[in-house]
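# Structural overview for review
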Amino acid sequence: MNILIIGSGGREHALAWKIAQSPLVDTVWSTPGSAALDQIGPCFDVAADDVENLEKLVLQIEPDLVVVGPEAPLAEGLGDRLRARGFDVFGPNKEPAQLEASKGFAKDMMAQFGVPTAAYGRFTEAEAAKAFLTTLEAPYVLKADGLAAGKGVVIVDTLDQAQAEADAMLSGKFGDASTELVIEEFMPGEEASVFVLTDGVNRLTLPACQDHKRLKDGDEGPNTGGMGAYCPAPVMTPELMAQVDENIAAPMLEGLADAGHPYKGVLYIGLMITSEGPKVVEFNVRFGDPECQILMAALQDDIVPALLACATGGMPARDFESLMPALSAAKPAATIVLATSGYPGSYEKGSVIKGVKEAGQGEGVTIFHAGTGVSDDGELVATGGRVLNVTAEGDTLEQAIERAYAAVDTIDWPKGVHRRDIGWRALKR
Ligand code: AMP
Ligand code: GLY
């Protein structure tokens, strides 16, 4: 069969790498793809958020399965369009994709289905937002309702700052994304993310991940898209995983299905492990980046049957569950993100990176490309903020992390920065 992947980053490179290993698969196409994805299969030049032309491309090439990497096309209804044309899509329709595209919608759904999360209010008027803030305790959490490229969450320590922030956000700090605000109670705890593959009725839970969002060691510095990740995260004990399934995944997915909006794809559950148990920080409607990279490296078996089962739906429960042993035979894995110096602010493009091929030959190591290109004279160059995901699996998490750092250390890239402490919480335990 032929599979089309939508996207161009490290997440999509990892998906393509894993999917291409399946004996079921002939061709892995991607759009818009990248220099790295082009090594796996042909790339097209339709942008990942151009749903109209994505639909045209799919009608033209007729893939057996479309795997959507990023959230934007899902929020724009790509799933509905392709399903209406009879194609199988791994990724939810527009309505359930609002779980990521509107934080207010996600909070309302959680309230309706009794899913544990922070207390909240939704606001479009500054006066009401400010009055609500006076009823909360510091620190204050303010979120732009809409998609804001991962930047729409602001956490401040004083009421004055919070009220000023409410004014700024409602007057367009994040453009259309912040015409509405969600203000919520601060939840102290350790974060983890859990990914559930689902056809809308059945579900398979992948090993829990922990991402490192801050730029610098010790979780200091600005927030980024993620500087590294590992799995399984030991904070997520089997008891906590069972609570997430029972109190979060099941009621959300059953609630959506009962409302006529079955969710097909991967549900990303961003969690805070509080003293009262796991609570939802956010939902995303796609794989995490870089969590996808570690999950693809960790899973030892073919993932394509599970992706197909989610996309097509209707598989009897026992058959769906039989996909589980294959997925759960996962190894520990870690990924280190190499970013261009300056990220997440402005950074230069085009710096030469050497030694990547050699680094990728380390045992258990796979290097996913998030933002690279090839220069006119054939050198590998950085083209983005997050550039490489140096990923390794191992028999233990310690070994996976050691292998990943050994590979990082053979890469020669003076303009690159990375964290040296990925996995520190797990190693400390
Ligand atoms: P989000 O984009 O919703 O994941 O938020 C970004 C980050 O802000 C999360 O990864 C958390 O570290 C933090 N955060 C968001 N909401 C809360 C909350 N209610 N309590 C504590 N931290 C939060
Ligand atoms: N790694 C965080 C995210 O994908 O949103």
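The structure this text deals with has already been given above.
For every chain, the first residue of its written sequence is number 1, and the numbers climb from 1 along that sequence. Going through the entries in the order they are written, you letter the chains from A and number the ligands from 1. Residues qualify for local features only when their pLDDT is at least 70, as the model is predicted, and side-chain atom pairs are given and counted only at 80 or more; totals for whole chains, interfaces and linings, by contrast, use all residues. Note: side-chain values were computed over all heavy atoms of the structure, leaving out hydrogens and water.

### Focus: the packing of aromatic side chains
Each aromatic ring pair is described using two quantities: the centre-to-centre distance and the angle formed by the ring planes. Two aromatic rings, drawn from Phe, Tyr or Trp (for Trp, its six-membered ring), form a pair once their centres lie within 6.5 Å of each other, and the interplanar angle then sorts them: stacked below 30 degrees, edge-to-face above 60, tilted otherwise. Summed over the entire model, instances satisfying the criterion amount to six aromatic pairs. Taken together, the aromatic side chains of F90, F195, Y268 and F287 make up a single cluster linked through ring pairs.

### Quick look at the site of ligand 2
Surveying the vicinity of ligand 2 reveals the residues D211, G225, Y268, N284, R286, G288, D289, P290 and E291. Any N or O atom pair separated by 3.5 Å or less is treated as a polar contact, with the protein-specific requirement of one donor-capable and one acceptor-capable atom, and with residues adjacent in sequence counted only for side-chain atom pairs. Here a nitrogen atom of ligand 2 and a backbone polar atom of G225 are 3.2 Å apart. In the environment of ligand 2, an oxygen atom lies 3.0 Å from a nitrogen or oxygen atom belonging to the side chain of R286. For the accessible areas, the method is Shrake-Rupley and the probe is 1.4 Å, while residue cover comes only from the protein chains on display. For ligand 2, whose free accessible area comes to 200 Å², the fraction covered by protein is 88%. A breakdown of the residues in the shell around ligand 2 according to their chemical character gives two nonpolar, three polar and four charged. Nearness is judged by heavy atoms alone; a residue qualifies as near a molecule or strand once a single heavy atom is within 4 Å of it. Any residue that is not Ala, Val, Leu, Ile, Met, Phe, Trp, Tyr, Cys, Pro, Asp, Glu, Lys or Arg is counted as polar, Gly included; the first ten are nonpolar and the last four charged.

### Regarding the site of ligand 1
Within the structure, ligand 1 sits among 15 residues, and E184, E185, M187, E191 and E282 are positioned closest to it. Residue E184 places a side-chain N or O atom 2.7 Å away from a nitrogen atom belonging to ligand 1. At 2.9 Å, a backbone N or O of E185 approaches a nitrogen atom of ligand 1. For ligand 1, whose accessible area on its own is 470 Å², the fraction buried by protein is 88%. By the criteria applied, helices consist of DSSP H or I runs no shorter than four residues and strands consist of E runs no shorter than two, each listed in order from the N terminus. Mapped by element, the contributors of at least two residues to the shell around ligand 1 are β6 (140–144), β7 (153–156) and β16 (277–284).

### Some points on a nonpolar patch on the surface
Residues enter patches when their relative accessible area tops 30% and they take part in no salt bridge; the joining distance is 9 Å for like charges and 5 Å for the nonpolar side chains Val, Leu, Ile, Met, Phe, Trp and Tyr. For this analysis, a salt bridge means a side-chain nitrogen from Lys or Arg found within 4 Å of a carboxyl oxygen belonging to Asp or Glu. Taken together, the side chains of V153, I155 and F186 present a nonpolar region at the surface, about 240 Å² in accessible area. Following the sequence through the fold, I155 ends up in strand β7. The exposure class assigned to I155 is partly exposed, which follows from its relative accessible area of 49%. A 1.4 Å probe rolled over the protein chains alone gives each residue an accessible area, and that area as a share of the maximum for its type sets the label: buried under 20%, exposed over 50%, partly exposed in between.

### Remarks on the sheet that holds β7
Strand order in the open sheet made by the four strands is β5-β8-β6-β7, with antiparallel pairing throughout. Of all the strands in the sheet, the pair left with one neighbour each is β5 (120–123) and β7. Going from strand to strand, the sheet's axes swing by 20 degrees on average, the running direction of each strand aside. Taken together, the four bridges between β6 and β7 define a ladder with antiparallel strand orientation. Counted as the bridge partner of V141 is I155 from β7. Throughout, a contact is declared for two residues whenever any of their heavy atoms are within 4.5 Å. Angles shown run from 0 to 180 degrees and are taken between the N-to-C directions of axes, each axis being a line fitted to C-alpha atoms and, for helices, limited to the stretch in contact. Set on the sheet, helix α7 (residues 103–113) makes contact with β5, β6, β7 and β8 (181–184); between it and β5 the angle comes to about 140 degrees. Paired strands, as defined in this entry, are two strands with at least two bridges between them according to DSSP.

### Here we look at the sheet that holds strand β4 (residues 89–90)
In spatial order, the strands read β2-β1-β3-β4; together these four strands make up an open sheet with parallel pairing. Single-partner strands in this sheet number two, and they are β2 (27–32) and β4. Bridging between strand β3 (residues 65–68) and β4 involves two bridges; their strand directions are parallel. In the strand pairing of β4, V67 is matched with F90.

### A word on the packing of α7 against helix α10 (residues 238–258)
For any two helices packed against each other, one specifies the crossing angle of their axes together with the interaxial distance. In the contact formed by α7 and α10, the axes pass within 10 Å of each other and the chain directions differ by 100 degrees. In terms of orientation, α7 lies roughly perpendicular with respect to α10. In this structure, α7 uses M109, M110 and F113 to contact α10, whose residues at the interface are P251, M252, G255 and L256. Angle categories are assigned with fixed cut-offs, so that under 35 degrees is roughly parallel, over 145 is roughly antiparallel, 65 to 115 is roughly perpendicular, and the rest are oblique.

### Quick look at the packing of helix α6 (residues 94–101) against α7
At a closest axis distance of 6 Å, the pairing of α6 and α7 adopts a crossing angle of 105 degrees. The angle between the axes of α6 and α7 places the two elements in the roughly perpendicular class. In this structure, α6 uses E95, Q98, L99 and A101 to contact α7, whose residues at the interface are K103, F105, A106 and M109. Considering only residue class, the contact of α6 with α7 consists of five nonpolar, one polar and two charged.

### Section: α10
How far a helix is expected to stretch is found by multiplying one less than its residue total by 1.5 Å. An ideal rise of 1.5 Å per residue puts 30 Å on 21 residues; α10 measures up with 28 Å between its terminal C-alpha atoms. In this scheme, the bend at a residue equals the angle between the axes fitted to the seven residues that finish there and the seven that begin there. Of all the bends found along α10, the most pronounced is centred on D245 and spans about 35 degrees. Among the residues making up α10, those that are buried are L240, M241, V244, I248, A249, A250, P251, M252, L253, G255 and L256. Considering only its buried residues, α10 is in contact with α6, α7, β9 (190–198), β10 (203–205), β15 (265–274) and β16. G260, located one to two residues past α10, shows a positive phi value of around 85 degrees.

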